[in-house]
Amino acid sequence: MVDSPFTPMDGLSRAAPASPADADDAALLAALRAGESDAFERLVRSYGPRLLAVTRRILGSEDDARDAVQDAFLSAFRCLDRFAGESRLSTWLHRIAVNAALMKLRTRRRKPEESIEPLLPAFDGGHHQEQFSSWAEPVDQALERAETRAFVRDRIAELPESYRTVLILRDIEGLDTEETAVRLGLTPNAVKIRLHRARQALRTLIAPHFRGEHA
């Protein structure tokens, strides 16, 4: 395989429209495998922006996100011969980008993680004290609404990392419980527990906004 002279992040530094839904994956793959000079650049221009959005959500850092995307594209380029075409190219790249972001997350200098307990529902005399009854909208649906998207993302960023990551992978990136468990080295039951607690904590953070208590 011929090394590509194109630097992956070059394609993200220029404004480029997203790939059309009906992009001819087979033709692009054939061009990549044939070593066509512009094929790798086309790949980055087509899929770079969406992969950057994925890694940015997981890492919360623009520099780290861009590094992860570059790692993902280079990994994909090296593994083209192993891509059997059983899924869409975009799906395959998404998985590689998620893995690259998680690897980057694991290499960060770890800081003591704040407890999630203060954000969880309290119990009074054995009865659950509802703290977020005014907001029960699923995370992914809230993110689809432009007026709340930035606010919800900012509140997700406030969650402790181990809970935030599970929430992002399950509710935003759409991974199932088993795949999330494999990616994070957890048991499926641990993923379910963290996801439940992350959702509760997020609702606690978001409830004042939906009750009109924000500035």
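Reading guide: rules and limits
Residues numbered from 1 in each chain as written. Predicted model: local features only at pLDDT ≥ 70, side-chain atom pairs only at ≥ 80, totals over all residues. Heavy atoms only, no water. Phe/Tyr/Trp six-rings, centres within 6.5 Å; stacked < 30°, edge-to-face > 60°. Lys NZ or Arg CZ within 6 Å of the ring centre and 35° of its normal. Helix = DSSP H or I, 4+ residues; strand = E, 2+ residues; numbered from the N terminus. Buried < 20%, exposed > 50% of the residue type's maximum accessible area, 1.4 Å probe, protein only. Lys, Arg positive; Asp, Glu negative; His and termini not counted. Salt bridge = Lys/Arg side-chain N within 4 Å of Asp/Glu carboxyl O. Contact = heavy atoms within 4.5 Å. 1 Å grid on protein atoms, 1.4 Å probe; cavity = no way out; pocket = protein on both sides within 12 Å on 5 of 7 lines; lining within 4 Å. Points joined across faces, edges and corners; volume = space filled by probe spheres on them. Nonpolar A, V, L, I, M, F, W, Y, C, P; charged D, E, K, R; others polar. Axes fitted to C-alpha atoms, helices over the stretch in contact; angles between N-to-C directions. Parallel < 35°, antiparallel > 145°, perpendicular 65-115°, else oblique. Left-handed = near helix turned anticlockwise from the far one by under 90°.

Going through the model one piece at a time under the given rule, you end up with three aromatic pairs. Ring pairs connect the aromatic residues Phe40, Phe73 and Phe77, which therefore count as one cluster. For the cation-ring pair, Arg155 lies above Phe151, with the distance from its terminal atom to the ring centre recorded as 4.7 Å.

Right, let's get into the side chain of Arg164. Here Arg164 is to be found in helix 7 (residues 161-172). At 4.1 Å, Glu161 is the nearest oppositely charged side chain to Arg164, a buried residue that forms no salt bridge. The residues contacting Arg164, other than those within four sequence positions of it, are Ile58, Ile156, Ala157 and Leu159.

This part covers the pattern of salt bridges. Scanning all chains against the criterion turns up eight salt bridges. For the salt bridge of Arg155 with Glu158, the shortest nitrogen-to-oxygen distance reads 2.8 Å. In this structure Arg155 comes out as buried when scored by relative accessible area, which is 15%. The partner of Arg199 in a salt bridge is Asp171, and the shortest N-O contact between them spans 2.7 Å. Highlighted residues: Arg199 in helix 9 (residues 188-210) and Asp171 in helix 7, separated in sequence by 28 residues. Take Arg199: its relative accessible area is 30%, and that puts it in the partly exposed class.

Here we take up the layout of surface pockets. As a volume, the second largest pocket reaches approximately 320 Å³. For the second largest pocket, the lining is made up of 14 residues, of which Arg56, Arg57, Gly60, Arg153 and Ala157 are closest to its centre. Residue assignment for the lining of the second largest pocket shows that the elements contributing at least two residues are helix 2 (39-59), helix 6 (146-157) and helix 7. The greatest single-element share of the lining of the second largest pocket, amounting to five residues, is contributed by helix 2. Its residues assigned to classes, the lining of the second largest pocket shows seven nonpolar, one polar and six charged.

With that settled, the discussion passes to the environment of Ile96. Summarising the element assignment, Ile96 is placed in helix 4 (residues 89-107). Through-space distance from the C-alpha of Ile96 to that of Ala68 is 9.6 Å; in sequence the pair is 28 residues apart. When residues no more than four places from it in sequence are discounted, the contact partners of Ile96 are Ala72, Ser75 and Ala76.

On to the packing of helix 3 (residues 62-78) against helix 4. Put simply, helix 3 and helix 4 touch, their axes get as near as 8 Å, and they point 130° apart. As judged from the angle between their axes, helix 3 and helix 4 are oblique. Crossing hand, helix 3 versus helix 4: right-handed. Only Trp92, Leu93, Ile96, Ala97, Ala100, Ala101 and Lys104 of helix 4 make contact with helix 3, whose side of the interface consists of Asp64, Asp67, Ala68, Asp71, Ala72, Ser75 and Ala76. The residue makeup of the contact of helix 3 with helix 4, split by class, is nine nonpolar, one polar and four charged.

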